[in-house]
Amino acid sequence: MAEVSAKSFIPETFQGTTVDITSQIGLLWELIKTPLIVPLLKVAVIICLAMELMLFAERLYMGIVIILVKLFWKKPEKRYNWEPMKEDLEAGSSTFPLVLIQIPMFNEREVYKISIGAACNLSWPADRLVIQVLDDSTDPIIKEMVEKECKRWAAKGLNITYQIRETRGGYKAGALKEGLKRDYVKECEYVAIFDADFRPEPDFLRRSIPFLMHNPKIALVQARWRFVNSNECLMTRMQEMSLDYHFTVEQEVGSATHAFFGFNGTGGIWRIAAINEAGGWKDRTTVEDMDLAVRASLKGWKFVYLGDLQVKSELPSTFKAFRYQQHRWSCGPANLFRKMVMEIVRNKKVNFWKKVYVIYSFFFVRKIIAHMVTFFFFCVVLPLTIMVPEIDVPKWGAIYIPCIITTLNSVGTPRSIHLLFYWILFENVMSFHRTKATFIGLFEAKRANEWVVTEKLGDALKNKNNKPAKKFNFNIGDRINVTELGFAAFLFFCGCYDYLYGQNNYFVYMFLQTITFSIVGLGYIGTIVPSS
């Protein structure tokens, strides 16, 4: 019998050197590239370019309208009936409507005093103000602290009530809904809502209430958010840029053209009759605020956005908190779109163009397309086309239109214009999380109703930094983000390939995006909170 060699058990294609293996992989790539990869990639490029054009048209429309609004539109005080609140010595405080202030909170150790104190300092007759602290905290120590703070203000003559529930059913929506059922708020006409880190100025009610008093079809007055910690770190500056565009352009345009926009969940005041007519608070999605706003709008109610009425608040400054917040803000609207699109189509109380605005512009382009095109085109499809020279991505789609869109997005925060390029790179990283959350919402997957309260630090860092000794609690699960590191490796490979064989010099973008994904992947983003 012939002697059996060990090599006989090894396929011939693997008996060579590493070069041989590489050549085999290259051969396999060439075999599948033409019949499979090229057609699929061509379709992906066409879809991405179509989505990009949709986003570009929407941003251009918003840009034109906001210019017209700023130049020619009357201010809200001129468009609607508005008169300043006046003191009547004979009638006393009875000329002021009874207003409810709701402050929902959950384990807000660092900031609970801020919102309670701000609400209690509102310039409004004490006997015409009902303050309701809706505490869903699970920490008994924090619950005791919040209750003591409420009692402290009650001792000063404020009508403030500390309200708790047995369970957290419905989360924030459940707490707000439960609060409106209390007998002591039945006489209230309006309800203002402030999250635990929000601090309205004393004149907030005097500037907003007249819109509701003198315009019976107005259901909501929304104020603009301002951020007390925007300079805390680079990540908070990036958030400020995104949110400033939302308030400066999106909310302003929606208010001026269709008297509709999404309620921001806090920093606004509602007509309670409108809430009841719309069906009250619902907890079917993680965006109970947007849900209520859409339902109220379908009933014919109007909204007013006041850009010069500002409420201070806090941005999430740890990446973990920001990521959870973005999941909720991306998943919720997609899930709500899935549940309400046909209801909007069938509605007979609003006109055709408002339906188009709500379905196409408000939901489809801003809440779905914007996330997907950013991630798929710039983090997946464009890098892949580098290795397939048969695919030609037009310069207008890869460079010119994205630059115009980015420029339009930057108008809200002129002071951060020098950070614009890094903002693009950071937004591309976050688009992965937003796209994933959008798909979860659209298909109502496992995490569709996940609700994680955004962590607020308040003065926690300041207090900890005053201590003589501190140490960092390094939790590798919180710091290392494997998915981001995977994308960094993928983009680095594509960048190297483009540097060696490409013709479009995309490697500059690829390497910069690789660095950004790596920074996020290694956890060097946002504030790192020292442990005591």
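Bear in mind that the values here come from a model prediction, so they are computed numbers and not experimental data. (Residues numbered from 1 in each chain as written. Predicted model: local features only at pLDDT ≥ 70, side-chain atom pairs only at ≥ 80, totals over all residues. Heavy atoms only, no water.)

Some words on the packing of aromatic side chains
Alright, step 1. Counted under the stated rule, the structure contains 31 aromatic pairs.
Alright, step 2. A centroid spacing of 5.5 Å and a plane angle of 40° characterise the contact between Phe337 and Phe363, whose relative ring orientation is tilted. Linking Phe337 in helix H10 (residues 319-346) with Phe363 in helix H11 (residues 352-386), this pair joins segments that are 26 residues apart in sequence. Per residue, the accessibility class of Phe337 equals that of Phe363, and both read buried.
Alright, step 3. Its end group placed over the ring of Phe362, Lys367 keeps NZ or CZ at 5.0 Å from the ring centre. (Phe/Tyr/Trp six-rings, centres within 6.5 Å; stacked < 30°, edge-to-face > 60°. Helix = DSSP H or I, 4+ residues; strand = E, 2+ residues; numbered from the N terminus. Buried < 20%, exposed > 50% of the residue type's maximum accessible area, 1.4 Å probe, protein only. Lys NZ or Arg CZ within 6 Å of the ring centre and 35° of its normal.)

Section: the packing of H11 against helix H16 (residues 482-501)
Alright, step 1. Where H11 contacts H16, the axes come no closer than 9 Å and their chain directions differ by 40°. Accordingly, the angle class assigned to the pair H11 and H16 is oblique. Of the two elements, H11 crosses H16, and the hand of that crossing is left-handed. Taking contact as the criterion, the partners of Phe375, Cys379, Val380, Pro383, Leu384 and Ile386 in H11 are, on H16, Phe487, Phe490, Leu491, Cys494, Tyr497 and Asp498.
Alright, step 2. Grouping the constituent residues of the contact of H11 with H16 by class yields eleven nonpolar, no polar and one charged. (Axes fitted to C-alpha atoms, helices over the stretch in contact; angles between N-to-C directions. Parallel < 35°, antiparallel > 145°, perpendicular 65-115°, else oblique. Left-handed = near helix turned anticlockwise from the far one by under 90°. Contact = heavy atoms within 4.5 Å. Nonpolar A, V, L, I, M, F, W, Y, C, P; charged D, E, K, R; others polar.)

Notes on the UniProt feature "domain: Glycosyltransferase 2-like" (unreviewed entry) in the protein chain
Alright, step 1. Summarizing the sequence annotation, UniProt attributes the feature "domain: Glycosyltransferase 2-like" (unreviewed entry) to residues 190-385 in the numbering used throughout.
Alright, step 2. In residues 190-385, the share of helix is 59% and the share of strand is 16%. The end C-alpha atoms are 56 Å apart. (UniProt positions renumbered as here; feature names shortened; annotations may be inferred.)

What about unusual backbone geometry?
Alright, step 1. Of note in the backbone geometry, Asn107 takes a positive phi value of approximately 50° without being a glycine.
Alright, step 2. Tracing the backbone shows Asn107 in the loop between strand S1 (99-105) and helix H3 (112-120).
Alright, step 3. We note that Glu444 has phi near 50°; this positive angle belongs to a residue other than glycine.
Alright, step 4. If you trace the backbone, Glu444 turns up in the loop between helix H13 (420-442) and helix H14 (460-465).

Digging into empty space enclosed by the protein
Alright, step 1. What the rule picks out here adds up to one cavity of 30 Å³ or more.
Alright, step 2. Counted as a void, the largest cavity has a volume near 40 Å³.
Alright, step 3. Lining of the largest cavity is provided by Leu134, Asp135, Asp136, Gln163, Ile164, Arg165, Ala175, Glu178 and Gly179.
Alright, step 4. Listing elements by their share of the lining of the largest cavity, those giving two or more residues are strand S2 (129-135), strand S3 (160-164) and helix H5 (171-180).
Alright, step 5. Broken down by element, the lining of the largest cavity gets its largest block of residues, three residues, from H5. (1 Å grid on protein atoms, 1.4 Å probe; cavity = no way out; pocket = protein on both sides within 12 Å on 5 of 7 lines; lining within 4 Å. Points joined across faces, edges and corners; volume = space filled by probe spheres on them.)

Here's the deal with the sheet that holds strand S6 (residues 218-227)
Alright, step 1. Ordered in space as S3-S2-S1-S4-S7-S6-S8-S5, the eight strands form an open sheet in which the pairing is mixed. Edge positions in the sheet fall to S3 and strand S5 (199-200), since each of these pairs with one other strand and no more.
Alright, step 2. Where S5 lies against strand S8 (residues 302-313), two bridges are found, and the strand directions are antiparallel. Following the sheet pairing, Pro200 is matched in S8 by Val311.
Alright, step 3. The sheet strands contacting H5 are S1, S2 and strand S4 (190-193), and the helix crosses S1 at an angle near 150°. (Pairing = 2+ DSSP bridges.)

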